[in-house]
Amino acid sequence: MKKLSLVIPVYFEEECITQFLNEVRPVLESIGPSWEIVFIDDGSKDRTVEIIKEQALLENRIKLIEFSYNQGKQAAFSAGIKYASGDYFIYMDSDLQDPPNEIPRFIEEIDKGYDLVFGIRREKIDSLINKIYSKIFWTTLNKFTGMEIPTGLAVMRIFNRQFANKFLEYGEQNRFIEGIFMHIGMKRTEIEITQRERFAGKSKFNFRKKLQLAFDAIFDFSELPLKFAVRLGTILSLCGFLSLIIILFLKLFVVDFAAGWPSIISAIALSLGLQLFFIGVAAIYIGKIYKESKNRPLYSIKQFTNL
Ligand code: UDP
Ligand code: MG
């Protein structure tokens, strides 16, 4: 009998936890007795921790890792994988957007001999602006990194112990989970699932946070912005050099034309702007290198319950 670990990051989810457990537990019981739910509290300041602890007192297969402060869903996921002890891992959100009753289908699929089964949304239930954002995000990311991440990827997925161990070997501070998942490779497939609306509460990812995530993903998994900077820089230098020769030639042999300072100013402004932009690109990478080189722990844990 294989043990199933659910890895669930939670952040201000007091309104969802109880319902989540009510829906998940019968499904797990129907599969067998060998399961655990590992919640990782990412620094909530509402009743999230209290509610989980109450449940953990009654059921020791409900476990909790408490982060000292908000360290992000990626860090929470990494901690969950580290401390969960299953043969299979299910990763899903706690807001019930991912349907718990699909868990048996995931198990059925991975049992066919895969290492990873991604959930793919049949239909994205989201605002139009979020849908457009997602589309642009994934297309750009795939272009930039060449990763070919499946479209409509849901959070919900299952993977085996071997895959989890591979994941744990990735020591990077800048962690874009989907990127690492694709980089691990191994045998993977997808199944379609029907997502629902968030059960209660609000999404923790506003547009600014999402944009930040998109930039991180691109800069963590691609050197294209750097290459682009070098290419454009080369082209512009060549253009500048050519125009200099042409102007010199005209001035010496054709006409002696008056100083056109507006054009000079605009040329200077353009080149300065471009230079600053690309220094910025380089600086982002330097910042990432700096963060990696400090080699700090990935997360800071305050307390364990039932672990
Ligand atoms: N979450 C987290 N840390 C954060 C933000 C979110 O652990 O800093 C959790 C949150 O509790 C939820 C999951 O990550 O279980 C996804 O968050 P949310 O539903 O707000 O994002 P969305 O579904 O809108 O992308
Ligand atoms: Mg959600």
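Data block above holds the structure.
Predicted, not measured: the structure shown is a model, and the values here were computed from it.

Rules of the game
Along each chain, residues carry numbers from 1 onward, in the same order as the chain's sequence is written. The order in which chains are written sets their letters, starting at A; the order in which ligands are written sets their numbers, starting at 1. Under the rules for a predicted model, residues below a pLDDT of 70 receive no local features and side-chain atom pairs below 80 are neither given nor counted, while totals for whole chains, interfaces and linings still include all residues. Side-chain figures throughout are based on the complete set of non-hydrogen atoms in the structure, without hydrogens or water. Relative accessibility decides the category of a residue: with a 1.4 Å probe and only protein chains considered, values under 20% of the type maximum give buried, values over 50% give exposed, and everything between is partly exposed. In DSSP terms, a helix is any run of H or I states spanning at least four residues, a strand is any run of E spanning at least two, and both are numbered starting from the N terminus. The directions from the helix axis to the C-beta atoms form the arc being described. For Phe, Tyr and Trp, rings pair up if their centres lie within 6.5 Å, where Trp contributes its six-membered ring, and each pair is then called stacked (planes under 30 degrees apart), edge-to-face (over 60) or tilted (otherwise). Look at NZ for Lys and CZ for Arg. If either is within 6 Å of the ring centre and within 35 degrees of the ring normal, a charge sits over the ring. If even one non-hydrogen atom of a residue comes within 4 Å of a molecule or strand, that residue is called near it. N or O atoms closer than or at 3.5 Å make up a polar contact, with two conditions inside protein: a donor-capable atom paired with an acceptor-capable one, and, for residues adjacent in sequence, both atoms drawn from side chains. For accessible areas, the Shrake-Rupley method is used with a probe of radius 1.4 Å. Any residue's cover is judged against the shown protein chains and nothing else. Under this grouping Gly is polar, as are all residues other than the nonpolar Ala, Val, Leu, Ile, Met, Phe, Trp, Tyr, Cys and Pro and the charged Asp, Glu, Lys and Arg. In this analysis, two residues are considered to be in contact whenever any of their non-hydrogen atoms come within 4.5 Å of each other. One side-chain nitrogen of Lys or Arg within 4 Å of one carboxyl oxygen of Asp or Glu is enough to make a salt bridge.

Student: Looking at this structure, how should I read helix α6 (residues 161-168)?
Tutor: Side chains that are three or four residues apart share a direction in an α-helix, a result of its 3.6 residues per turn. Along α6, the residues classified as buried are Phe163, Ala164 and Phe167. On an axial view of α6, the arc spanned by its buried residues comes to 100°, and they lie on one face.

Student: Honestly, the packing of aromatic side chains in this entry has me stumped. Any pointers?
Tutor: Each aromatic ring pair is specified by the distance between its two centres and by the angle formed by the two planes. The final tally for this structure, using the stated rule, is 24 aromatic pairs. Look at Phe277 and Phe278: their rings are 4.8 Å apart centre to centre, the planes differ by 80°, and that puts the pair in the edge-to-face class. The exposure class assigned to Phe278 is buried, which follows from its relative accessible area of 14%. Seen from the ring of Phe181, Arg157 lies directly overhead, with NZ or CZ sitting 5.0 Å from the centre. Lying across the ring of Tyr114, Lys187 places its NZ or CZ 4.5 Å from the centre.

Student: Quick question: what am I supposed to make of the site of ligand 1 here?
Tutor: Around ligand 1 sit 16 residues in total, of which Glu13, Asp42, Asp95, Ser203 and Lys204 are the nearest. Note that an oxygen atom of ligand 1 is positioned 2.9 Å from one of the side-chain N or O atoms of Ser94. In the complex, the protein chains occlude 90% of the 530 Å² of accessible area that ligand 1 would expose alone. Taken together, the residues that form the shell around ligand 1 break down as four nonpolar, four polar and eight charged.

Student: What is the right way to look at the side chain of Thr145 in this model?
Tutor: Residue position: Thr145 is located in helix α5 (residues 128-145). A distance of 2.7 Å separates the side chain of Thr145 from the backbone oxygen of Leu141, its partner in a polar contact. Not counting the four nearest positions on each side in its chain, Thr145 is found in contact with Phe221 and Ser222.

Student: I'm lost on the pattern of salt bridges in this one. Help?
Tutor: Opposite charge on two side chains permits pairing when their charged atoms draw close. Counted by the stated rule, this structure contains 19 salt bridges. Among the salt bridges present, the one from Lys112 reaches Glu109, with a minimum N-O distance of 3.0 Å. Using a relative accessible area of 56% as the deciding quantity, one classes Lys112 as exposed. On the basis of relative accessible area, Glu109 is assigned to the buried category, the value being 15%. For the salt bridge of Glu178 with Arg157, the shortest nitrogen-to-oxygen distance reads 2.5 Å. Taken as a pair, Glu178 in helix α7 (residues 177-184) and Arg157 in strand β6 (residues 153-160) lie far apart in primary sequence, 21 residues in all. For the pair Glu178 and Arg157, a shared accessibility class is recorded, and that class is buried. Each of Glu13, Asp95, Arg198 and Lys204 takes part in one network of salt bridges that share partners.

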